[in-house]
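# Residue-level structure breakdown
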Amino acid sequence: MNDPRVLTLPGAPALSGFRIEKLLERVRALEPAVTGLSARFVHFAALDRALSPTERERLERLLTYGPTLAPGESGGQALLVVPREGTISPWSSKASDIARNCGLSAVQRIERGIEYRLTASRLLAPEALTRLSAALLDRMTEMALLDAAEAG
């Protein structure tokens, strides 16, 4: 992240194995070179100021939920799906309220995205990743980023 007031925290796997397989079928129909797909949540916390170590630990505990990421699920090329620019998701509204109610007054807002990791038999060009994003997001409410530094 370019903005030091935005903290990026990785999260749990975002989708079930069944859902991953369905998405992988859709992606392979667009690009047969794709051999694997994984998805995990990524959290972005916009801050008024840097968090103290105690506050950061509290925020990390709040954002630790669901199963843990299995080894080997972080390889491949990244494609980040986040809420459309200028929108605030219902998840964000609730998570931000919870953080403030837990004494994290420096947290302005928390948003959540999904980091997809695509493995392929060859390196995929940015244009190919952008084309594949259509199979992974809802164009009405989400957008895809190839660089996590664009989030926030």
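Attention in this report is confined to the structure presented alongside it.

### Quick notes on the sheet that holds strand β1 (residues 6–13)
The sheet built from five strands is open, its strands ordered β1-β2-β4-β3-β5 with antiparallel pairing. This sheet does not close on itself; its edge strands, each paired only once, are β1 and β5 (142–145). Put simply, the sheet's adjacent strands are angled 30 degrees from each other on average, direction ignored. Pairing of strand β2 (residues 34–47) with strand β4 (residues 107–120), which is carried by 13 bridges, proceeds in the antiparallel orientation. Looking at the pairing, V34 lines up with A120 of β4. This element, helix α3 (residues 90–101), spans β2 and β4 of the sheet and lies at about 125 degrees to β4. Helix α4 (residues 126–133) rests against β2, β3 (77–83), β4 and β5 of the sheet, and its axis sits at about 45 degrees to β3.

### Some points on the pattern of salt bridges
Under the criterion given, the structure shown has nine salt bridges. Residue R131 pairs with E31 through a salt bridge whose shortest N-O separation is 3.4 Å. Of this pair, R131 sits in helix α4 while E31 sits in the loop between α1 (17–30) and β2, and the two are 100 residues apart along the sequence. A relative accessible area of 7% places E31 in the buried class. One salt bridge in this structure joins R117 and E115, with 3.5 Å as the shortest N-O distance. Its relative accessible area of 13% is what places E115 among the buried residues. What you see here is one network of salt bridges that share partners, running through E31, R122 and R131.

Conventions adopted
Residues numbered from 1 in each chain as written. Predicted model: local features only at pLDDT ≥ 70, side-chain atom pairs only at ≥ 80, totals over all residues. Heavy atoms only, no water. Pairing = 2+ DSSP bridges. Helix = DSSP H or I, 4+ residues; strand = E, 2+ residues; numbered from the N terminus. Axes fitted to C-alpha atoms, helices over the stretch in contact; angles between N-to-C directions. Contact = heavy atoms within 4.5 Å. Salt bridge = Lys/Arg side-chain N within 4 Å of Asp/Glu carboxyl O. Buried < 20%, exposed > 50% of the residue type's maximum accessible area, 1.4 Å probe, protein only.

Worth remembering: the numbers are spatial, not functional.
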